Amino acid sequence: MADPMLRLRGVNKSFGQLEVLKGVDLDVQRGEVVCILGPSGSGKSTLLRCVNLLEPPEEGEIFLEGQDICRGPGSGTGESSWNLDFVRQRVGMVFQQFNLFPHKNALENVALAPERVLGRSREEARSKGTELLTRVGLADKLSEYPERLSGGQQQRVAIARALAMEPHVMLFDEVTSALDPELVKEVLDTMRELASEGMTMLVVTHEMGFAREVGDQVVFMDGGVIVEQGKPADVLDNPREARTKKFLGLVLEH
Amino acid sequence: MKVFFEQYFDFNVMGEHFWEVFDAFLQNLLIWVVAAVLVLSWGLILAFLRQLPGKKFAPVRFLTIAYIDIFRAIPALIVILLISGGVPFLTFLPKDIRIPHWFGKPDPFWYGVAALLLVFGAYMAEVYRAGIEAVPRGQMEAARSLGMSHAQAMRHIVIPQAVTKVPAPMLNEMISLLKETTLVSFIAFGESVLVSREILAERLNSSALILTAFFFLIIILPMARVVDYLIKRNQLKITRGAHIEVG
């Protein structure tokens, strides 16, 4: 069998004295959607940030398409080296706070990196950007600036922006948590569509419904380790671990 | 009281020496413009060097911070005196640099520009730094996660946003810079304060200094109003942004 898209082995990450990840193992197959649940401070976001080396892990191994991304020149500093380019060209990320570039309009947000990083011509980058924004339902917002867009629209621009780099894996870091309730659905719909097209996705979320419906695997994290993982129905309906039960009880009660 | 007014507000003296003082004031403006263009660029370079990431660039960051700290601490006048007194004797430099007479301007003009550049470059670096640090961290992270290098992210994402946050403090530095051009009078460059003091010596009357002060007022007062306007506009922007986030 081919290498998994992503393989994590014993990933450790500390911020000073604080150990945030304490030996995480995880395999993500090509085209799989893995939803990561857990209380705040459990290390879910840090795990995503390790995968694209925004926070390079201190120990452990991360294989992306079979390639060890934590070795090689510059590893551990998060600075320019072959593994960083390798990773950033294959891994797209969407953030909780959107992080759109406020001085650029929607289309420029999407077209900038392909032009500057992939060396596409301006026309090519823009036509691809237009296509992507159309795909996320924003064909009429190409020249709007982020401050004139709703949170849901901004987040869809952010998804299009990440897709413009033609990633093989997409990381979603609580992308609906900063949204008003009525705007959550449009973003989840976009992600659902992406999943159905076969994108490999690592999704940190509190949306149980999304995890159940779209996730191929659900991972429950607490205290920097993976407590439980499996099929959504198994983990969400028949959790084995006490910590999982407690968390799901708190989340699902209201 | 009459003596005071005659000493400082003698309109005959002002009238007779008006064009003399005016021409000298134009020299202040010229130093200012030349230095300002250089200061704005040099400050940006320093701010950029100070922000370089990682262990590899630690020496560069250290040197940049040392430079900024030192030149913020030393009075501009001392820097001017040291440069005009020292640079001519740095014999390893070519003569055109030791004793510059570029564009028909005498060497004190260029020593003054150089000293003001060194000092205000350090101030301006701090202004830019405040702007850079006011840009949310997520902007850099988003740019990096899209594959941009640190330099690309700074150039296309962080700095364009940082410079929109700095016009008011930047203009304040420019106002200071304009006033400090008078320090070049200490190394015998014929700018407005030097000329006014020559007139004082000749006529035993200080009115030319008042005339000089008046020229500075005319240029700087509108700039101060622009600073106020920029601050107000920026506050409006912030409240508007907050409003969007809430609702």
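It should be emphasised that the depicted structure is a prediction, and the values quoted were computed from it without experimental measurement. (Residues numbered from 1 in each chain as written. Chains lettered and ligands numbered in written order. Predicted model: local features only at pLDDT ≥ 70, side-chain atom pairs only at ≥ 80, totals over all residues. Heavy atoms only, no water.)

Residue and element names in this part refer to chain B. Nonpolar side chains collect at one region of the surface, where M1, F4, F5, Y8, F9 and F11 lie side by side and expose about 670 Å² of accessible area between them. When you line up the elements, F9 lands in the loop between α1 (2-8) and α2 (11-16). Owing to a relative accessible area of 31%, F9 belongs among the partly exposed residues under this scheme. (Patch = residues over 30% accessible without salt bridge, like charges linked within 9 Å, V, L, I, M, F, W, Y side chains within 5 Å. Areas by Shrake-Rupley, 256 points an atom, 1.4 Å probe, with all protein chains shown as cover. Salt bridge = Lys/Arg side-chain N within 4 Å of Asp/Glu carboxyl O. Helix = DSSP H or I, 4+ residues; strand = E, 2+ residues; numbered from the N terminus. Buried < 20%, exposed > 50% of the residue type's maximum accessible area, 1.4 Å probe, protein only.)

A few words now on a negative patch on the surface. All names here are of chain B. A cluster of like negative charges, contributed by E20, D23, E198 and E202, occupies part of the molecular surface. Listing elements by their share of the negative patch, those giving two or more residues are α3 (18-50) and α11 (192-203). Take E20: it is sitting in helix α3. (Lys, Arg positive; Asp, Glu negative; His and termini not counted. Charge placed at Lys NZ, Arg CZ, Asp CG, Glu CD.)

A separate point is empty space enclosed by the protein. Sizing a probe to match a water molecule and rolling it over the atoms shows the empty space that remains. With the rule as written, the count across this model stands at one cavity of 30 Å³ or more. Roughly 50 Å³ of internal volume is contained in the largest cavity. A class-by-class count of the residues in the lining of the largest cavity yields three nonpolar, one polar and three charged. (1 Å grid on protein atoms, 1.4 Å probe; cavity = no way out; pocket = protein on both sides within 12 Å on 5 of 7 lines; lining within 4 Å. Points joined across faces, edges and corners; volume = space filled by probe spheres on them. Nonpolar A, V, L, I, M, F, W, Y, C, P; charged D, E, K, R; others polar.)

The subject of this paragraph is the sheet that holds strand β6 (residues 91-94) of chain A. The strands that make up a sheet are held in pairs by hydrogen bonds between backbone atoms, and each pair lies either parallel or antiparallel. All names here are of chain A. Across the sheet, six strands lie side by side as β6-β7-β8-β3-β9-β10; this open sheet has mixed pairing. Of all the strands in the sheet, the pair left with one neighbour each is β6 and β10 (225-230). Each strand axis lies, on average, 20° off the axis of its neighbour in the sheet, ignoring direction. Inspection of the sheet shows strand β3 (residues 33-37) paired to strand β9 (residues 217-222) by four bridges, in the parallel sense. Following the sheet pairing, V34 is matched in β9 by Q217. (Pairing = 2+ DSSP bridges. Axes fitted to C-alpha atoms, helices over the stretch in contact; angles between N-to-C directions.)

Let us now look at the pairing of β6(A). Residue and element names in this part refer to chain A. Here β6 shows two buried faces, one formed by V91 and M93 and the other by G92 and V94. Strand direction decides the pairing type here: β6 and strand β7 (residues 169-173), joined by four bridges, are parallel. Bridging from a neighbouring strand, V94 pairs with F172 of β7.

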